[in-house]
Amino acid sequence: MPAVFIDGEAGTTGLEIRERLAGLPVSLISIDPAHRKDASARREAMAASDVAILCLPDAAARDAAALAASLGNDAPRLIDASSAHRVDDDWVYGFAELNSGHAGVIARARLVSNPGCYATAAIALLAPLVARGLIPAAHPLSISAVSGYSGGGRTMIEAHEAQGGPAFAYYGLDLDHKHLPEITRYAGLSANPIVVPSVGHFRQGMMATIPLALDRLPNRVTLADLHAALAAHYAGSHFVRVLAAPPDRPQADALAGTDTLELAVYGDKTGERAVLFARLDNLGKGAAGAAVQNLLLMLGLT
């Protein structure tokens, strides 16, 4: 069986990936917890693996990628779950549904950068619409999203689970969210959108909305046009579904524990205003689920 090493398996994403690998036809390489930061132990584990998944902070992920590269012909293929390489030209972006041939590009890649959860929601909504000319690349856009507290790392998780809150909080109001570069690049935008992230007092789940004034878009774009473009792009997708009848009061944690991404278009009666909507598990399709999807593509197991 192919051998997989999770560098950083004790973290939130690493633990989720490890759980998802149970029962799959791969063997998992682990190192003694006391040596998880030991470069020689990690180098040995990488040399023995076919694919290494990096579940590390950005700086550590760059160091790990350099460590793997030092192995030369013995270097494993890499999946990086951090944001260190998401707009690096040497790495393939790991959103398999980006276009019709992108899953094949991932399958052949040696270096794959796993998308961020906010970016997954935004790119899934925007990329097909920008590619089809329904939304201009330079159109001013704002993205508002709320994620479960598990996306904030160990400190935030412990605070929420020990103290019970806060119920809701904004963050990143300097408008320089770390997912912004990948959203702009892979959605096909020529101008940065405004991204307003927030966190709620629920462990897993995410919702994102993008409002659109349709009467300010060229070519008389309709609600039906937006829905049809999304439905056509994701037709036959195993993980992404476009809802014909979106829920009246969608819950952010409705897809917790799944790898599903739901998309929908809401609109008013005049057809002049729309809201693009995405919902997913921030640790599923937004992190660990996407990493496992990419792993299976790279190993030819899908």
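Bear in mind that the values here come from a model prediction, so they are computed numbers and not experimental data. (Residues numbered from 1 in each chain as written. Predicted model: local features only at pLDDT ≥ 70, side-chain atom pairs only at ≥ 80, totals over all residues. Heavy atoms only, no water.)

Participant: What should I look at first to understand the pairing of strand E7 (residues 142-148) in this one?
Facilitator: Each regular strand displays side chains that alternate between the two surfaces of the sheet. When you tally the buried positions in E7, you get five out of seven residues, the bulk of the element. For E7 and strand E9 (residues 194-200), the ladder comprises seven bridges, and the chain directions are parallel. What sits directly across from Gly-148, in E9, is Gly-200. The sheet contact formed by E7 and strand E10 (residues 206-213) spans four bridges and is antiparallel. Among the inter-strand pairings, Ala-145 is bridged to a residue of E10, identified as Ala-208. (Buried < 20%, exposed > 50% of the residue type's maximum accessible area, 1.4 Å probe, protein only. Helix = DSSP H or I, 4+ residues; strand = E, 2+ residues; numbered from the N terminus. Pairing = 2+ DSSP bridges.)

Participant: Even after reading the chapter, I still don't get helix H1 (residues 12-21), so can you show me in this structure?
Facilitator: Because each turn of an α-helix spans 3.6 residues, side chains separated by three or four positions in sequence point in the same direction. Gly-14, Glu-16, Ile-17, Arg-20 and Leu-21 are the residues of H1 that are buried. Looking straight down H1, one finds its buried side chains confined to an arc of 160°; they lie on one side. Those residues of H1 that are buried lie in contact with strand E1 (3-7), strand E2 (27-29), strand E3 (51-54) and helix H9 (284-298). Just beyond H1, the residue with positive phi is Gly-23, at close to 90°. (Arc of directions from axis to C-beta. Contact = heavy atoms within 4.5 Å.)

Participant: Help me understand helix H3 (residues 58-69), please; the structure alone is not making it clear to me.
Facilitator: For H3, spanning twelve residues, the distance from its first C-alpha to its last is 17 Å, which sits close to the expected 16 Å at 1.5 Å a residue. Of the positions making up H3, those classed as buried are Ala-61, Ala-64, Ala-65, Leu-67 and Ala-68. Viewed end-on, H3 has its buried residues packed into an arc of 160°, placing them on one side of the element. In this structure, H3 carries Ala-59, Asp-63 and Ala-69 as exposed residues pointing more than 90 degrees from its buried face. In this fold, the buried residues of H3 make contact with E1, helix H2 (39-47), E3 and strand E4 (77-80). (Expected span 1.5 Å × (residues − 1).)

Participant: Explain the packing of aromatic side chains here, please?
Facilitator: Think of a pair of aromatic rings as described by two things: how far the centres are apart, and how the planes are tilted against each other in angle. On inspection of all chains with the given rule, the structure shows three aromatic pairs. Here the aromatic rings of Tyr-93 and Tyr-186 are separated by 3.9 Å at their centres, their planes lie at 5°, and the arrangement is stacked. On the criterion of sequence distance, the pair formed by Tyr-93 in strand E5 (residues 92-93) and Tyr-186 in helix H7 (residues 180-186) is long-range, its members being 93 residues apart. A single burial state applies to Tyr-93 and to Tyr-186, both of which are buried. For the pair Tyr-266 and Phe-277, a centre-to-centre distance of 5.7 Å together with 85° between the ring planes defines the contact as edge-to-face. Here Phe-277 lies in strand E13 (residues 273-280) and Tyr-266 lies in strand E12 (residues 261-267), a separation of eleven residues in the sequence. (Phe/Tyr/Trp six-rings, centres within 6.5 Å; stacked < 30°, edge-to-face > 60°.)

Participant: Would you mind going over the pattern of salt bridges with me for this structure?
Facilitator: Side chains that differ in sign of charge can pair as their charged atoms come close. Scanning all chains against the criterion turns up twelve salt bridges. Across the pair Glu-182 and Arg-86 runs a salt bridge whose closest N-O atoms are separated by 2.9 Å. Residue Glu-182 is found in helix H7, and its partner Arg-86 is found in the loop between E4 and E5; the two are separated by 96 residues along the sequence. Among the ionic pairs, Arg-203 bridges to Glu-161, the shortest N-O distance being 3.0 Å. Here Glu-161 lies in helix H6 (residues 153-163) and Arg-203 lies in the loop between E9 and E10, a separation of 42 residues in the sequence. Of the residues examined, Arg-203 reaches a relative accessible area of 31% and is grouped as partly exposed. (Salt bridge = Lys/Arg side-chain N within 4 Å of Asp/Glu carboxyl O.)

Participant: Before we go on, may I ask you to explain the sheet that holds strand E6 (residues 111-113) in this structure?
Facilitator: Note: strands within a sheet are paired through backbone hydrogen bonds, in either parallel or antiparallel orientation. As summarised here, the arrangement of the six strands in space is E2-E1-E3-E4-E6-E5, forming an open sheet in which the pairing is parallel. Of all strands in the sheet, those with a lone pairing partner are E2 and E5, marking the two edges. Running at roughly 165° to E4, H9 makes contact with E1, E3, E4 and E6 of the sheet. (Axes fitted to C-alpha atoms, helices over the stretch in contact; angles between N-to-C directions.)

Participant: Hey, could you run me through the environment of Asn-114 in this one?
Facilitator: Residue placement: Asn-114 occurs in the loop between E6 and helix H5 (117-131). Taking the relative accessible area as the measure of exposure, Asn-114 reaches 1% and is therefore buried. In sequence terms Asn-114 and Ala-167 are 53 residues apart; their C-alpha atoms lie 29 Å from each other. Asn-114 has contacts with Ile-79, Asp-80, Ala-81, Ser-82, Arg-86, Ala-287, Ala-290, Ala-291 and Asn-294, leaving out every residue within four places of it along the chain. At 3.4 Å, the side chain of Asn-114 forms a polar contact with the backbone nitrogen of Ala-291. (Polar contact = N/O pair within 3.5 Å; in protein donor to acceptor, adjacent residues only side chain to side chain.)

Participant: What's the story with the pairing of E3 in this structure? I'm lost.
Facilitator: Along E3, one buried face is formed by Val-51 and Ile-53 and the opposite face, lined by Ala-52 and Leu-54, is buried too. Bridge count for E3 against E4 is four bridges, and the pairing is parallel. For Ala-52, the partnering residue across the bridge sits in E4 and is Leu-78. The parallel pair E3 and E4 is bridged by H3, and the resulting crossover is right-handed. (Right-handed = clockwise from strand over helix to strand, strands pointing away.)

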